[in-house]
Amino acid sequence: SCCMNRDTGAEDVHLKVICCGVCHTDIHQVKNDLGMSNYPMVPGHEVVGEVVEVGSAVTKFKAGNVVGVGLLVGSCRACLPCQSGIEQYCKNKIWSYNDVYTDGQPTQGGFATAMVVDQKFVVKIPQGMAPEHAAPLLCAGLTVYSPLSHFGLNRSGLRGGILGLGGVGHMGVKIAKAMGHHVSVISSSNRKGDEALDHLGADDYLVSSDVPRMQEVADSLDYIIDTIPVEHPLDPYLSLLKVDGKLILMGVIKSPLQFVTPMVML
């Protein structure tokens, strides 16, 4: 995509894209899996770029800064979520792409040469951090970090499970290990065992069809981050959780999930 023909508003940061991660949501949107895609579309929402220009009301950023942008580029600023600093729940938030910006033009994402973003949705990338290392943190990394923080799980000594080892699963292992957790990766086959244990530093690897091993781990996990983006049963994984354990659902799935309520009640 070429540079966008968009003016930089008072609150806007105009950036030249350096790199952009590929997230499963980009694939969902390209294929119209969620039934909401508008074409032509330029996806990409794990964006690192260099600031080219800032609007007159922008104070935190200046030309030459290396910055990051995630899934949002704007919000209404007036609703309760916006006033409470949780703009991601704004009903009129503006997605990085497949949406309409404040000037009425379609938003286009990070698989482009440039982006214009409301300053509230821009973050500084720390000096010395490689842009290609920072980019996946802006969606996949945050997707995992946010619930761990929200549910008070960002402390050391916990035992967690990462269900599925795609992009979010990779980040789940790395962030949970960085928080000092014992991490078990749970997968449907042996295929990713070496990757999980040797490359990512997981402590254990479970194949979900291995009934004796699954029973061995029953009632032992403080949380499971479920990253599987297709329909799957929840019951086998609920049984791995301790009392008051958390099953955190991260996969975007179109069909309703099913489980028997006693699994949760008990």
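Residues numbered from 1 in each chain as written. Predicted model: local features only at pLDDT ≥ 70, side-chain atom pairs only at ≥ 80, totals over all residues. Heavy atoms only, no water.

1. Some words on the overall build of the protein
Here comes step 1: The helix and strand tally for the protein stands at nine helices and 12 strands.
Here comes step 2: Scaling as 2.2 N^0.38, a compact globule of 266 residues should have a C-alpha radius of gyration of about 18 Å, and the protein matches this with 20 Å.
Here comes step 3: Along the first, second and third principal axes, the C-alpha atoms of the protein reach 60 × 40 × 35 Å.
Here comes step 4: The buried share among the 266 residues of the protein stands at 44%.
Here comes step 5: In the protein, 59% of the contacts between residues at least 6 apart in sequence involve partners at least 24 apart.
Here comes step 6: The averaged location of the 26 negative side-chain charges in the protein is 4 Å from the averaged location of its 20 positive side-chain charges. (Helix = DSSP H or I, 4+ residues; strand = E, 2+ residues; numbered from the N terminus. Rg over C-alpha atoms; globule rule 2.2 N^0.38 Å. Buried < 20%, exposed > 50% of the residue type's maximum accessible area, 1.4 Å probe, protein only. Contact = heavy atoms within 4.5 Å. Lys, Arg positive; Asp, Glu negative; His and termini not counted. Charge placed at Lys NZ, Arg CZ, Asp CG, Glu CD.)

2. Considerations on the sheet that holds strand S11 (residues 221-226)
Here comes step 1: Taken together, five strands build an open sheet; the order of strands is S10-S9-S8-S11-S12 and the sheet is parallel. With one partner strand each, in any of the chains shown, strand S10 (204-207) and strand S12 (241-249) form the two edges of the open sheet. Taking the axes of each pair of neighbouring strands and ignoring which way they run, one obtains an average angle of 20° across the sheet.
Here comes step 2: Relative to strand S9 (residues 182-187), strand S8 (residues 159-163) runs parallel, the two being bridged by five bridges. Bridge pairing links Leu 163 to Ile 186 in S9.
Here comes step 3: Sheet strands in contact with helix H5 (residues 167-178) are S8, S9 and S11, and its direction is about 165° off that of S9. (Pairing = 2+ DSSP bridges. Axes fitted to C-alpha atoms, helices over the stretch in contact; angles between N-to-C directions.)

3. So, the UniProt feature "domain: Alcohol dehydrogenase-like C-terminal" (unreviewed entry) in the protein
Here comes step 1: UniProt tags residues 167-264 as "domain: Alcohol dehydrogenase-like C-terminal" (unreviewed entry).
Here comes step 2: The distance from the first to the last C-alpha atom of residues 167-264 is 28 Å, and the span holds 34% helix and 26% strand. (UniProt positions renumbered as here; feature names shortened; annotations may be inferred.)

4. Focus: the sheet that holds strand S2 (residues 47-54)
Here comes step 1: If you walk across this open sheet you meet the five strands as S6-S1-S2-S3-S7, and the pairing is antiparallel. Two strands lie at the open edges of the sheet, namely strand S6 (114-118) and strand S7 (122-124), each paired on one side alone. Averaged over all pairs of adjacent strands, the angle between strand axes in this sheet comes to 45°, irrespective of strand direction.
Here comes step 2: In this structure, strand S3 (residues 66-69) lies alongside S7, joined through three bridges in antiparallel fashion. Pairing of Val 67 across the sheet is with Lys 124, part of S7.

5. Points about the UniProt feature "domain: Alcohol dehydrogenase-like N-terminal" (unreviewed entry) in the protein
Here comes step 1: Per the UniProt record, "domain: Alcohol dehydrogenase-like N-terminal" (unreviewed entry) is annotated on residues 10-127.
Here comes step 2: What you have in residues 10-127 is 9% helix and 29% strand, and the ends, taken at the C-alpha atoms, are 26 Å apart.

6. With respect to a nonpolar patch on the surface
Here comes step 1: Residues Leu 34, Met 36, Leu 71, Trp 95 and Val 252 make up a contiguous nonpolar surface patch of roughly 370 Å² in combined accessible area.
Here comes step 2: With respect to the helices and strands, the residue Leu 34 is situated in the loop between helix H1 (24-30) and S2. (Patch = residues over 30% accessible without salt bridge, like charges linked within 9 Å, V, L, I, M, F, W, Y side chains within 5 Å. Areas by Shrake-Rupley, 256 points an atom, 1.4 Å probe, with all protein chains shown as cover. Salt bridge = Lys/Arg side-chain N within 4 Å of Asp/Glu carboxyl O.)

7. Topic: the environment of Glu 231
Here comes step 1: Relative to the assigned elements, Glu 231 resides in the loop between S11 and helix H8 (235-238).
Here comes step 2: Classification of Glu 231 as exposed rests on a relative accessible area of 53%.
Here comes step 3: Taking C-alpha positions, Glu 231 is 15 Å from His 28, a pair spaced 203 residues apart along the chain.
Here comes step 4: Those residues in contact with Glu 231 that lie beyond four places of it in its chain are Ile 253, Ser 255 and Pro 256.

8. What to know about the domain arrangement of the protein
Here comes step 1: When the domains of the protein are assigned, the result is domain 1 (12-125) and domain 2 (141-249).
Here comes step 2: Once you take the C-alpha centre of each, domain 1 and domain 2 turn out to be 30 Å apart. (Domains from an automatic or database assignment.)

9. Overview of the pairing of S2
Here comes step 1: Across seven bridges, strand S1 (residues 12-20) lies against S2 in antiparallel orientation. Of the residues in S2, the one forming a bridge with Val 13 is Val 54.
Here comes step 2: Relative to S3, S2 runs antiparallel, the two sharing four bridges. Paired with Val 47 across the strands is Val 69, a residue of S3.

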